[in-house]
Structures are given as structure tokens and as C-alpha cells.
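# Survey of secondary and tertiary structure
Below are the chains, spelled out letter by letter.
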Amino acid sequence: MRAVFELAPVATWITDGDGVVFANRACVALFGAAEREALIGRSIYGLLAPESREAVRQTVAQALQAEALPPTLHERIARLDGRLRDVVIAVASLPDHGRTVVQMVITDVTERARESRELERSRRDLRRLSASMVQAREDERRRIARELHDELGQRLTALKMELSSLGGETSGSTRAGRIDAMIEMVDDTVATVRR
């Protein structure tokens, strides 16, 4: 059984009470220890990040009392050099050991967690960019509508004034010239609307 644990590629330790009594090679590497003895006898709670200790304590108690396996934990460990690593911990009590011995399988998910955080940050940035683009498009629409409204309003007001003053004209040539100018103004207004 020891050989199976030793050859497993995932970090595994066995505890009695809260002390480590066995740690495989993968566990020694995960914690950055030079040798297995650096972990043997240490409290598991001293090897966890402070914010992870209570959740692991409750899960160990649950594993020792219950027949069903408790859920896996997403927690953090503190390597011997002080660096923190994100891990998933599965806890199971070992039968025939007086209900004080548990086995923990610890999977390092630090890179996966970092990638997940980066992906979420990227998604937030994309949502912000998308919202910014929508806002810019709406601002541009409002600006164009305002320009169109102002230009049309000016031209139609000028056309109305020209038509009003045309009623008092008596000379035919003056009237024809002003009518041509008004037709040109209407054509310019239509072109502006199309643009």
C-alpha cells in the first residue's frame, strides 16, 4: 500500500489527529520540502493558509464521523518557503484506525485558478469594451441626429421666410430667381437628409 501511495503522481498525505504521519513524493514536492521528514510530525493546519484551516478542520471531523465522503475543498496551502498555492483537497477516513486517521489527496490547481482569474478579467474587460462601443455608437447617433435636426431646421426656416417674402414681390424676374434659389435650397436639404 505504501508503494502505491509513493508512486501516485498526486500529492497524498496521511494524518493521525492533526499530525502528518506519511507524505508521498508528490506531496513533498508540492510543499517544496527537501525530504519527507520536513513534513512528518507537523500539524496539517500549520501547512494550510490561515483562511483554509477552519474549513479543513470541519471536513476532517465530518470525514471521521460519517460514512459518506465529504465534498472536496478548494483551499490554499502554505509551502515551506511561504508561497501559497491553490489546491483541491479530498479527505477520506481510513478504516480500522480508531477514527483518528485520514488520508488527504491534494491537487495543485494554482495555474488553473490563475487562468480562470485571467479569463474572468478578460471577460470583464470585453464587457466594458462592448459597453463602451455601444455608448460611443449611441453618442454618435445623437450627434448626427442633432446636426441633422439643426441643419434641417435652419433650411426649412429660411425656406419659410423666402416663401413669406415672395408674396410681396411684383416683378416676375425677381420672383423666378427667388423660386430657383428656393428649389436649390430644397434640393440641398434633400441631399443633407440622404447623407
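Because the structure is a prediction, the values reported are computed rather than measured.

## So, the sheet that holds strand β5 (residues 101–108)
- Spatially, five strands are ordered β2-β1-β5-β4-β3 in an open sheet, and the strand pairing comes out antiparallel. Each edge of the open sheet carries a strand with a single partner, namely β2 (19–23) and β3 (73–78). Here the strands of the sheet are splayed against their neighbours by 40 degrees on average, with no regard to which way each runs.
- Note that β3 and strand β4 (residues 84–93) share six bridges and pair antiparallel. Paired with leucine 73 across the bridge in β4 is isoleucine 89.
- Sheet strands touched by helix α3 (residues 53–65): β3, β4 and β5. Its angle to β4, the strand with the most contacts, is close to 15 degrees.

## As for helix α4 (residues 110–166)
- A rise of 1.5 Å per residue sets the reference length of α4, with its 57 residues, at 84 Å; its end C-alpha atoms lie 83 Å apart and thus fit the reference within 8%.
- Every buried residue of α4 is accounted for by Thr110, Ala113, Leu159 and Leu166.

Basis of the calculations
- The numbers attached to residues start from 1 for each chain and follow its sequence in the written order.
- Residues qualify for local features only when their pLDDT is at least 70, as the model is predicted, and side-chain atom pairs are given and counted only at 80 or more; totals for whole chains, interfaces and linings, by contrast, use all residues.
- Side-chain measures were taken over the full set of non-hydrogen atoms in the model, leaving aside hydrogen atoms and water.
- DSSP-based pairing: two strands are paired if at least 2 bridges between them are found.
- A run of DSSP states H or I qualifies as a helix once it reaches four residues; a run of E qualifies as a strand once it reaches two. Both are numbered from the N-terminal end.
- Throughout, an axis means a line fitted to C-alpha atoms (over the contacting stretch in the case of helices), and angles, computed between N-to-C directions, take values from 0 to 180 degrees.
- By definition, residues are in contact when any of their heavy atoms lie within 4.5 Å.
- Expected span of a helix: the number of residues minus one, times 1.5 Å.
- Type-normalised accessible area, obtained with a 1.4 Å probe on protein chains alone, sets the label of each residue: buried when under 20%, exposed when over 50%, and partly exposed for intermediate values.

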